[in-house]
There are 2 protein chains.
Amino acid sequence: MENYRKILGRNVRAARKDLGWSQEDLAFETGIDRTYISGIERGVRNPSLDMLVKLAKTLKTTPSGLLEK
Amino acid sequence: MENYRKILGRNVRAARKDLGWSQEDLAFETGIDRTYISGIERGVRNPSLDMLVKLAKTLKTTPSGLLEK
DNA sequence: GTGTGACTTCGAGTCCGTT
DNA sequence: GAACGGACTCGAAGTCACA
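Treat the numbers as computed from the prediction; the structure is a model and nothing was measured. (Residues numbered from 1 in each chain as written. Chains lettered and ligands numbered in written order. Predicted model: local features only at pLDDT ≥ 70, side-chain atom pairs only at ≥ 80, totals over all residues. Heavy atoms only, no water.)

Enquirer: An account of the interface of chain B and chain A is needed here, citing residue identities and associated values.
Expert: On the side of chain A, 18 residues touch chain B, which itself brings 18 residues to the contact. Taking both partners together, chain B and chain A bury about 1,600 Å²; carbon and sulfur atoms supply 63% of that area. By the criterion of area lost to chain A, the three top residues of chain B are Tyr-4, Leu-49 and Ser-64 of chain B, representing 33% of everything that side buries. In this structure, the salt-bridge partner of Asp-50 of chain A is Arg-5 of chain B, at a minimum N-O distance of 2.6 Å. In this structure, the connection of chain B to chain A is made through 13 residue pairs in polar contact (both at pLDDT 80 or more). When residues of the side of chain B that touches chain A are traced back to their parent elements, those giving at least two are α1 (4-18), α4 (49-58) and α5 (63-66) of chain B. The leading source of residues in the side of chain B that touches chain A is α4 of chain B, at 5 residues. Here the side of chain B that touches chain A is built from residues that sort into 9 nonpolar, 4 polar and 5 charged. (Contact = heavy atoms within 4.5 Å. Buried area = accessible area lost by both parts, 1.4 Å probe. Salt bridge = Lys/Arg side-chain N within 4 Å of Asp/Glu carboxyl O. Polar contact = N/O pair within 3.5 Å; in protein donor to acceptor, adjacent residues only side chain to side chain. Helix = DSSP H or I, 4+ residues; strand = E, 2+ residues; numbered from the N terminus. Nonpolar A, V, L, I, M, F, W, Y, C, P; charged D, E, K, R; others polar.)

Pasting the structure below:
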């Protein structure tokens, strides 16, 4: 089973760095806690669809895009 | 804001019907409760990433594919 | 065969801190 | 700036009876 938490983590981190943001910046922009962002990027969290949508919007991509390998 | 719960619901229902399955069939194959499947298809639930992965695998698609418009 | 409201339980998500 | 831990709150997970 492919680990989609890891895939999501990689994609979030890449998209965030593309924007030149720190985790704290992304936390502020999304309104999501910074420790939670950290957990998502490390692949240890299991976020809800609403979270994926928030992240995707802020990172200027789509939920679908965040889950592509 | 596009409603990704509805998008997911539409895609799950379409993929399920493509396989000629009832909600009960899908519930059995995924191990998820039938009423929970119903809630996802109607867009009233906010499923986690792990749920999306389970559904995608059983429906022979990908989490990313389930979130495309 | 599906929609729906109500319910309990446990993990999603927040907030504080330290390394 | 980021990883990690503890304690907390609230909503997702999971189930049921009934329409």
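Enquirer: Explain the protein's contact with DNA strand C to me, and be specific about the residues and the numbers.
Expert: In the vicinity of DNA strand C, 20 residues are found, and the nearest of them are Tyr-36 and Ser-48 of chain A together with Arg-13, Gln-23 and Ser-38 of chain B. Of all atoms in DNA strand C that approach within 4 Å of the protein, 64% are sugar or phosphate atoms. A distance of 2.8 Å separates a phosphate oxygen of DNA strand C from a polar side-chain atom of Arg-13 of chain B. Those elements that provide at least two residues to the surface near DNA strand C are α3 (34-41) of chain A together with α1, α2 (23-30) and α3 (34-41) of chain B. Tallied by class, the residues present in the surface near DNA strand C amount to 4 nonpolar, 8 polar and 8 charged. (Near = heavy atom within 4 Å.)

Enquirer: So what's going on with the packing of α2 of chain B against α3 of chain B? Residues and values would help.
Expert: All names here are of chain B. Between α2 and α3, the shortest axis-to-axis distance is 8 Å and the interhelical angle comes to 115 degrees. On the basis of their axis angle, the class for α2 and α3 is roughly perpendicular. Both α2 and α3 take part in a crossing whose hand is right-handed. Along the contact surface, α2 presents Gln-23, Glu-24, Leu-26, Ala-27 and Thr-30, while α3 presents Arg-34, Ile-37, Ser-38 and Glu-41. Split by residue class, the contact of α2 with α3 holds 3 nonpolar, 3 polar and 3 charged. (Axes fitted to C-alpha atoms, helices over the stretch in contact; angles between N-to-C directions. Parallel < 35°, antiparallel > 145°, perpendicular 65-115°, else oblique. Left-handed = near helix turned anticlockwise from the far one by under 90°.)

Without other data, these values stay purely geometric and don't point to any function.
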